[in-house]
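# Commentary on secondary and tertiary structure
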Amino acid sequence: MSDRKNIPNQPDWEYLKDIWQDSPPVDMNKMARNARFVWWRMRIITFVELCFCVVGAVIFAFAVYQHQTLARVVFGVFGVCFCLGGGYGCLWARRGAWGRAEGDALSLVQLQIQRARAGIRYVKINCWMVLPALGILPLSFWVMNDGTREFSVERADNFYVALAVAGAVVVASVVPLLPYYLKKKRELVELEALRRLLSEDD
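These numbers were taken from a predicted model, which means no experiment stands behind them.

### With respect to the overall build of the protein
A count of helices and strands for the protein gives 7 helices and 0 strands. Buried residues in the protein amount to 29% of all 202 residues. Across the protein, every contact between residues at least 6 apart in sequence was considered, and the portion connecting residues at least 24 apart equals 75%. Element-wise, carbon and sulfur atoms account for 65% of the exposed surface of the protein, whose accessible area totals about 13,500 Å².

### Describing the packing of helix H3 (residues 70-93) against helix H5 (residues 136-144)
Direction vectors running N to C along H3 and H5 enclose 155°, while the axes themselves pass 8 Å from each other. Relative to H5, H3 is oriented roughly antiparallel. In terms of crossing hand, the pair formed by H3 and H5 is left-handed. Within the contact between the two elements, H3 uses Leu70, Ala71, Arg72, Val74, Phe75 and Phe78 and H5 uses Ile136, Leu139, Ser140, Trp142 and Val143.

### Observations concerning the confidence of the model for the protein
Residues with a pLDDT of 70 or more make up 76% of the protein, whose mean pLDDT is 78. Mean pLDDT values over the elements of the protein span from 49, in helix H1 (residues 13-22), up to 91, in H3. This stretch, residues 1-13, has a pLDDT under 50; its non-local contacts, to residues over four places away or in other chains, come to 6 contacts.

### Describing the pattern of salt bridges
Under the criterion given, the structure shown has 3 salt bridges. Put simply, Arg94 and Glu49 hold a salt bridge, and the shortest N to O gap is 3.1 Å. Taken together, the residues span a long stretch of sequence, with Arg94 in the loop between H3 and helix H4 (105-134) and Glu49 in helix H2 (residues 28-66) at a distance of 45 residues. Taking the relative accessible area as the measure of exposure, Arg94 reaches 8% and is therefore buried. Residue classification places Glu49 among the buried residues on the basis of a relative accessible area of 17%.

### Some thoughts on the nonpolar core
Listed in full, the 9 residues of the largest apolar core are Leu106, Val109, Ile113, Ala116, Ile120, Leu188, Leu191, Leu194 and Leu198. Where this core is concerned, the elements lending two or more residues are H4 and helix H7 (177-201). In terms of residues, this core owes the most to one element, H4, which gives 5 residues. Listed in part, the 8 residues of the second largest apolar core include Ala57, Ala71, Cys83 and Val143.

### Some words on a positive patch on the surface
A cluster of basic residues, Lys30, Arg33, Arg36 and Arg100, forms a positive patch on the protein surface. Tracing the chain through its elements places Arg33 in helix H2. Of the residues examined, Arg33 reaches a relative accessible area of 47% and is grouped as partly exposed.

### A word on the packing of aromatic side chains
Inspection of every chain in the model, using the stated rule, returns 4 aromatic pairs. Between Phe60 and Phe75, the ring centres sit 5.3 Å apart and the planes meet at 65°, which makes this aromatic pair edge-to-face. With Phe60 in helix H2 and Phe75 in helix H3, the pair connects residues that are 15 residues apart, well separated along the chain. A residue is classified by how much of its surface remains accessible, and Phe75, at 18% relative accessible area, is buried.

### Focus: H5
Buried residues of H5: Leu139, Ser140, Val143 and Met144, and no others. Looking down the long axis of H5, one finds its buried residues gathered within 140° of arc, a one-sided arrangement.

Basis of the calculations
- Residues numbered from 1 in each chain as written.
- Predicted model: local features only at pLDDT ≥ 70, side-chain atom pairs only at ≥ 80, totals over all residues.
- Heavy atoms only, no water.
- Helix = DSSP H or I, 4+ residues; strand = E, 2+ residues; numbered from the N terminus.
- Buried < 20%, exposed > 50% of the residue type's maximum accessible area, 1.4 Å probe, protein only.
- Contact = heavy atoms within 4.5 Å.
- Areas by Shrake-Rupley, 256 points an atom, 1.4 Å probe, with all protein chains shown as cover.
- Axes fitted to C-alpha atoms, helices over the stretch in contact; angles between N-to-C directions.
- Parallel < 35°, antiparallel > 145°, perpendicular 65-115°, else oblique.
- Left-handed = near helix turned anticlockwise from the far one by under 90°.
- pLDDT = per-residue confidence, 0-100.
- Salt bridge = Lys/Arg side-chain N within 4 Å of Asp/Glu carboxyl O.
- Core = buried A, V, L, I, M, F, W, Y, C linked by side-chain atoms within 4.5 Å.
- Patch = residues over 30% accessible without salt bridge, like charges linked within 9 Å, V, L, I, M, F, W, Y side chains within 5 Å.
- Lys, Arg positive; Asp, Glu negative; His and termini not counted.
- Charge placed at Lys NZ, Arg CZ, Asp CG, Glu CD.
- Phe/Tyr/Trp six-rings, centres within 6.5 Å; stacked < 30°, edge-to-face > 60°.
- Arc of directions from axis to C-beta.

Here it is, written out as structure tokens:
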């Protein structure tokens, strides 16, 4: 008898297997088509994200190069680090998910598992990136009130508008990812169950 049944807090594998066998068969051809589609989509999205990160880093680096005030230099250095960190994060989140399946069903499922995990990491990184993004707001206020210009009521209103827009952008970039995160969590559970069955068949 398998040692798994002697481990506490483990699911009833025989029960899960019966449920899986009673469920509709997995369309491996459809899964393979989806894997090819994701292969291209992931590269295009990553390319666009990296382009934004590089352009943003260049813009912030120019603020450092101008060296007009200490506030602008600090703001520029922060922005460069933020953009480079974001670019690294988008690559780190997708580690292990770049390859192609080797042609057999088990290899295809394993690749899809790696991509589901990458999707989960991607959402988590986006949520964590909100924290340093909030640092842009006080730095922006410092730049606007760095002593090189008069901080008028009109400028204050502009800052509040920018603050509201930034908040809306943060919410719009994080909240829609929640359904995607939950979807990837469900996919991961289903794919890992399928991998176990395929491994047993081998």
